[in-house]
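A closer look at the structure
Single-letter residue listing:
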There are 2 protein chains.
Amino acid sequence: MTSQHPSDQNDNLRHKKDAFHLPEGVIYLDGNSLGVLPKHVPGRVADVVTEQWGTSLIRAWNSHSWFDLPLRTGDRIGRLIGAPNGTVVACDSTSVNVFKVLSAALSLRPERKVILSDSGNFPTDLYVAAGLKDLLAKGHELKIVAPEEVEAMLDDQVAAMMLTQVDYRTGRVHDMNDLTRKAHDAGAIAIWDLAHSAGAIEVDLLGAKADFAIGCGYKYLNGGPGAPAFLYVSPDHLDKVSSPLTGWMGHEAPFAFDLDYRPVSGIACMTVGTPAILALSSLHAALDIFEDVDMADIRAKSISLSELFIAEVEARCPQLTLASPRSPSERGSQVSFRFGEGYAVMQALIARGVIGDFRAPDVMRFGFAPLYLSHQDIVDAVAILADILDTGSWDRPEFKTRAKVT
Amino acid sequence: MTSQHPSDQNDNLRHKKDAFHLPEGVIYLDGNSLGVLPKHVPGRVADVVTEQWGTSLIRAWNSHSWFDLPLRTGDRIGRLIGAPNGTVVACDSTSVNVFKVLSAALSLRPERKVILSDSGNFPTDLYVAAGLKDLLAKGHELKIVAPEEVEAMLDDQVAAMMLTQVDYRTGRVHDMNDLTRKAHDAGAIAIWDLAHSAGAIEVDLLGAKADFAIGCGYKYLNGGPGAPAFLYVSPDHLDKVSSPLTGWMGHEAPFAFDLDYRPVSGIACMTVGTPAILALSSLHAALDIFEDVDMADIRAKSISLSELFIAEVEARCPQLTLASPRSPSERGSQVSFRFGEGYAVMQALIARGVIGDFRAPDVMRFGFAPLYLSHQDIVDAVAILADILDTGSWDRPEFKTRAKVT
């Protein structure tokens, strides 16, 4: 008989755990990196492969509405991030989508030359911004400041403020409403990366008046490894901006095969090439699980899990130092602890079925996906972590060899 | 008992047909648009979904070498197009890859301002070129001429000649060796789109000294709907060019999470975001079928099928006019015929199980994938086409209603 933590009895998301394929003996605290497979997804993907592709073949573009799949998937994601129908599309990777929205943002502020971001942004966003700046060769500057300095750096030179809402290392949350308003007060465009937000915390893009957003399909949305990303354009800008990647799927009439590009109106103008149907179908199917869920319930449970995790670790693992904000309102759905030998400890944890991950130089990350984690999982995970630390069982060569992907 | 065309008896690729899931009652002449599902692919995709993602979860990046999948898939494609290992990567869409290679090409010829292409190029290539030109705002001109005029337009203003080798409408083949040499003689960079070439005709990128190439994973390579595309950079340029889309997968050390971008050496520098593992796995698996095949055999059978098709159509369907070059050496693996009511005829054909497609204003396209078509299929398909034309059974309202995707 397994024990059950008292908080699990009042958990109104408890039944959702059964919808996921959780490997035997694993407590998965890495849903912020790659979400767990929903049980119904293999069947749905198999149907797309064997029936839609295999049997309908080219006819499936019409008979199975493949053409609209990026928009249909986008609308499902939109519901989770406060975006109205027709403002979100699922396509390409987050990195490619950063390129599109940053280019669009800069086109709205041609006189300004500063792209403002912070050192807590996920590096690919900064890389893409640097690449775009170099490509444009118009004298833009990419200003990367500490997260707490962003507000003070908003001035009349800033064209676009581009931030990831939830810091990938510490889980620290930017105040989207506040910073967006201050960006607008300074005349800047606000771009939000929701990679660690979508499906994890409450987001209200429309309410916050965010101008653009991008995010990831394979973390809390459980779309599968390398799932298509998403992209949001505020209704205020939809008819004023264009994509720098002018592929045929963003054309007004792709099957007219005109020689000249005319962007289609609406969010589809941000699509580029032929949609990745297999990957999109997996993401679209995975989103079924969110259909009857309120993001407020997810957020409440996320906080409950995270608070329990911090309390348990601080009580049982004094060797570790909290790297995340202590206040739950300032944290996303992850908690990080610092430890000099964090890499080896994480490998030892994984070897015992508790899967989190590690970010250099010393950050052990633990993500809490409320749809498939229980409070008892948290208690059990910390018991194993405490045992590893107390016994020093992490101190073995096999736990110290760095893998290619960490 | 089904009859068998005499040419099928000497067909050394005949056994390959059994490797594909061909729907009952269908003769599929649209492999140039979406290739047929190989029978082993559903099992392989299911394994990736259920075992790799479902059970290994985040650990699969190392245990199943997900990280290298774009390169491993690229090498398999490289073998089919005369590209050495380490020069091809599978990633993103063809459109996105056009953007990367054209940007790289222009960076090699900064003093020149002309992008030369032709009206037979697939429109998305032209759209992307126009978008890049506008984005750069450096006074580039996109010059689109008739296919037969390309050679004459090569002068010392041309930075890049960007052509699709096989015309998507007529199947007309550009002479890659000859045009690449002439482009180089004029000091221009040569970019080849192999969307309708890879897996269909013999291509020798290295021998032709092509500078860059891109192409499609879902046509003759049978990677599945919206499969990742591919991208080739000549070994001569690999260490001289960079991608304008500087995502973390192109970084020298993506998991160091540095704030500054430093491109990795080699073809991986052309990758951008997290690889689409489900879609890439399907493409990688589909390429198994080519492992023991010689492209010369595929080309020989393609010509045999195409020649038979033209002979049969011209003998039995005098209403149609050949839109493709008559000489097989000037044609890819498709044949097109013009007919004013071609759209309705194609719908009538599809209703009877012969699947080709239609390109406005009047082109009926028929693609010949030698791995899963027999000569008897060709004879049977033309018999149905002749019947539809002779009886006028295409002349019904339901065949004239244009579908969203044609």
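Residues numbered from 1 in each chain as written. Chains lettered and ligands numbered in written order. Predicted model: local features only at pLDDT ≥ 70, side-chain atom pairs only at ≥ 80, totals over all residues. Heavy atoms only, no water.

1. Comments concerning the overall build of chain A
Rules: Helix numbering and strand numbering both begin at the N terminus, where a helix is a DSSP run of H or I of at least 4 residues and a strand a DSSP run of E of at least 2. Think of it in three bands: residues with accessible area under 20% of the maximum for their type are buried, residues over 50% are exposed, and the middle band is partly exposed, with areas taken using a 1.4 Å probe on protein chains only. We call two residues in contact when some of their heavy atoms are within 4.5 Å. Accessibility throughout is a Shrake-Rupley quantity obtained with a 1.4 Å probe, and a residue counts as covered only by protein chains that appear here. The charge count treats Lys and Arg as positive and Asp and Glu as negative. His and the chain ends do not count. Taken as the charge centre is NZ of Lys, CZ of Arg, CG of Asp or CD of Glu, depending on the residue.
Each helix and strand counted, chain A has 13 helices and 13 strands in total. Once the C-alpha set of chain A is aligned to its principal axes, its extents read approximately 70 × 55 × 40 Å. The 406 residues of chain A split such that 65% are buried. In chain A, of all internal contacts separated by at least 6 residues, the share reaching a separation of at least 24 is 72%. In the structure as shown, chain A presents an accessible area of about 13500 Å², 49% of it carried by carbon and sulfur atoms. Computed over 37 positive and 51 negative side-chain charges, the inter-centroid distance for chain A is 2 Å.

2. Remarks on the relation of the copies chain B and chain A
So the rule is basically this: Here the copies are matched by least squares. The fit uses the C-alpha atoms of residues with pLDDT of at least 70 in both.
With an RMSD of 0.0 Å, chain B superimposes on chain A once it is rotated by 180 degrees and translated 0.0 Å along the axis. Interpreted geometrically, this transformation is the action of a two-fold axis. In this assembly the copies share their binding face: 100% of the residues contributing to the interface of chain B also contribute to that of chain A.

3. Some points on the packing of helix H4 (residues 69–80) of chain B against helix H10 (residues 277–286) of chain B
Residues and elements named next belong to chain B. Operational definition: Helix axes use the C-alpha atoms of the stretch in contact, all axes being lines fitted to C-alpha atoms, and the angles between their N-to-C directions lie in the range 0 to 180 degrees. The scheme is simple: roughly parallel for angles under 35 degrees, roughly antiparallel for over 145, roughly perpendicular for 65 to 115, oblique for anything else. Each crossing is labelled by how the near helix is turned from the far one, with a counterclockwise turn of less than a right angle marking it left-handed and a clockwise turn marking it right-handed. The nonpolar class holds Ala, Val, Leu, Ile, Met, Phe, Trp, Tyr, Cys and Pro. Asp, Glu, Lys and Arg form the charged class, and all remaining residues, Gly among them, are polar.
Here H4 crosses H10 at 25 degrees, and the two axes come no closer than 10 Å. The angle between H4 and H10 falls in the class roughly parallel. The handedness of the crossing between H4 and H10 is left-handed. Along the contact surface, H4 presents Leu 69, Pro 70, Arg 72, Thr 73, Arg 76 and Ile 77, while H10 presents Ile 277, Leu 280, Ser 281, Leu 283, His 284 and Ala 285. When the residues that make up the contact of H4 with H10 are grouped by side-chain class, the tally is seven nonpolar, three polar and two charged.

4. Quick look at the interface of chain B and chain A
Applied cut-off: Buried area is calculated as the accessible area (1.4 Å probe) missing from two parts once they are joined, with the contributions of both summed. Any Lys or Arg side-chain nitrogen located within 4 Å of an Asp or Glu carboxyl oxygen qualifies as a salt bridge. N or O atoms within 3.5 Å of each other form a polar contact, as long as, within protein, one can give a hydrogen and the other can take it, and as long as residues adjacent in sequence are counted only when both atoms are side-chain atoms.
Listed per partner, the contact involves 82 residues of chain B and 82 residues of chain A. Three residues stand out in chain B for area buried against chain A, namely Trp 53, Tyr 127 and Phe 257 of chain B, and they jointly supply 12% of the buried area on that side. Counting across the chain B and chain A interface gives zero salt bridges. Inspection of the region where chain B meets chain A yields 18 residue pairs in polar contact (both at pLDDT 80 or more). The set of elements that each furnish at least two residues to the side of chain B that touches chain A consists of helix H2 (41–56), helix H3 (60–63), helix H5 (94–108), helix H6 (123–136) and H10 of chain B. Here the element with the most residues in the side of chain B that touches chain A is H6 of chain B; it accounts for nine residues. Looking at the side of chain B that touches chain A residue by residue, the class counts come to 48 nonpolar, 24 polar and 10 charged.

5. Some words on the sheet that holds strand S12 (residues 357–359) of chain B
Residue and element names in this part refer to chain B. For the record, the criterion: At least two DSSP bridges between two strands are needed for those strands to be called paired.
Reading across the sheet, the four strands line up as S9-S10-S13-S12 and stay open at both edges, with antiparallel pairing between neighbours. Among the strands making up the open sheet, the edge pair consists of strand S9 (321–322) and S12. Sheet topology places S12 next to strand S13 (residues 363–367); three bridges connect them, and they run antiparallel. In the strand pairing of S13, Asp 357 is matched with Arg 365.

6. Examining the pairing of strand S10 (residues 334–338) of chain A
All names here are of chain A. Most of S10 is tucked away, with four of its five residues classed as buried. Both strand S9 (residues 321–322) and S10 contribute to a ladder of two bridges, which runs antiparallel. Bridge pairing in S10 links Thr 321 to Arg 338.

7. Digging into the UniProt feature "binding site: pyridoxal 5'-phosphate" (unreviewed entry) in chain A
Note the cut-off: UniProt positions are given in the numbering used here, feature names are shortened, and annotations may be inferred rather than shown by experiment.
Mapped onto the present numbering, the UniProt feature "binding site: pyridoxal 5'-phosphate" (unreviewed entry) falls on Thr 94, Ser 95, Phe 122, Pro 123, Thr 124, Asp 125, Thr 164, Asp 193, His 196, Tyr 218, Trp 248 and Thr 274 of chain A. These annotated residues cover 181 residues of sequence, and their C-alpha atoms reach 30.4 Å apart at the extremes, leaving them scattered rather than at a single site. Relative to the helices and strands, Thr 124 of chain A is located in helix H6 (residues 123–136). Beyond its immediate chain neighbours, meaning those up to four positions away, Thr 124 of chain A contacts Ser 95 of chain A together with Thr 246, Gly 247 and Trp 248 of chain B. Residue position: Thr 164 of chain A is located in strand S5 (residues 158–164). The class for Thr 164 of chain A is buried, based on a relative accessible area of 3%. Other than its neighbours up to four places away in sequence, Thr 164 of chain A contacts Asn 121, Phe 122, Asp 125, Arg 172, His 174 and Asp 193 of chain A.

8. Comments concerning the UniProt feature "modified residue: N6-(pyridoxal phosphate)lysine" (unreviewed entry) in chain A
Residue and element names in this part refer to chain A. The UniProt entry lists Lys 219 under the feature "modified residue: N6-(pyridoxal phosphate)lysine" (unreviewed entry), expressed in the numbering used here. If you trace the backbone, Lys 219 turns up in the loop between strand S7 (212–215) and strand S8 (230–233). Assessed through its relative accessible area of 11%, Lys 219 is described here as buried. In this structure Lys 219 touches Gly 31, Asn 32, Ser 33, Leu 34, Gly 35, Ala 195 and His 196, once residues within four positions along its chain are discounted. A polar contact is formed between the side chain of Lys 219 and the backbone oxygen of Asn 32, at a distance of 3.2 Å.

9. What about the pattern of salt bridges?
All names here are of chain B. Evaluated as defined, the whole model comprises 46 salt bridges over all chains. Where Arg 331 meets Glu 307, a salt bridge forms, and the shortest distance between an N and an O atom there is 2.9 Å. Here Arg 331, found in the loop between S9 and strand S10 (334–338), pairs with Glu 307, found in helix H11 (residues 295–316); they are 24 residues apart in sequence, far enough to count as distant. Note on Arg 331: relative accessible area 1%, which makes it buried. Looking at Glu 307, the relative accessible area reads 34%, which means it is partly exposed. For the salt bridge of Asp 362 with Arg 338, the shortest nitrogen-to-oxygen distance reads 3.0 Å. Separated by 24 residues along the polypeptide, Asp 362 in the loop between S12 and S13 and Arg 338 in strand S10 bring together distant segments of the chain. On the basis of relative accessibility, which here comes to 18%, the residue Asp 362 falls in the buried class. For Arg 338, a relative accessible area of 34% translates into the label partly exposed.

10. Let's talk about the packing of aromatic side chains
Defined as follows: Two rings belonging to Phe, Tyr or Trp (six-membered ring only in the last case) form a pair when the distance between their centres is within 6.5 Å. Interplanar angles under 30 degrees mark stacking, angles over 60 mark edge-to-face geometry, and anything in between is tilted.
If you walk through the whole model with that rule in mind, you get 33 aromatic pairs over all chains. With a centroid separation of 5.7 Å and 65 degrees between ring planes, the pair formed by Phe 122 of chain A and Phe 257 of chain B is classed as edge-to-face. With one member in each of two chains, Phe 122 of chain A in the loop between strand S3 (114–118) and H6 and Phe 257 of chain B in the loop between strand S8 (230–233) and H10 form a pair that bridges those chains. Given a relative accessible area of 16%, Phe 122 of chain A falls into the buried group.

11. Here we look at the side chain of Ser 33 of chain A
With respect to the element layout, Ser 33 of chain A can be found in the loop between strand S1 (27–28) and helix H2 (41–56). Not counting chain neighbours up to four residues away, the residues in contact with Ser 33 of chain A comprise Tyr 218, Lys 219, Asp 357, Arg 359 and Arg 365 of chain A together with Ile 58 of chain B.

12. A few points about the sheet that holds strand S6 (residues 189–193) of chain A
Residues and elements named next belong to chain A. Spatial ordering of the open sheet is given by S2-S8-S7-S6-S5-S3-S4, a layout of seven strands whose pairing is mixed. Both edges of this open sheet fall to strand S2 (88–90) and strand S4 (141–145), since each of them pairs with a single strand only. Strand-to-strand twist in this sheet, taken as the mean axis angle between neighbours without regard to direction, amounts to 15 degrees. Sheet topology places S7 next to S8; four bridges connect them, and they run antiparallel.

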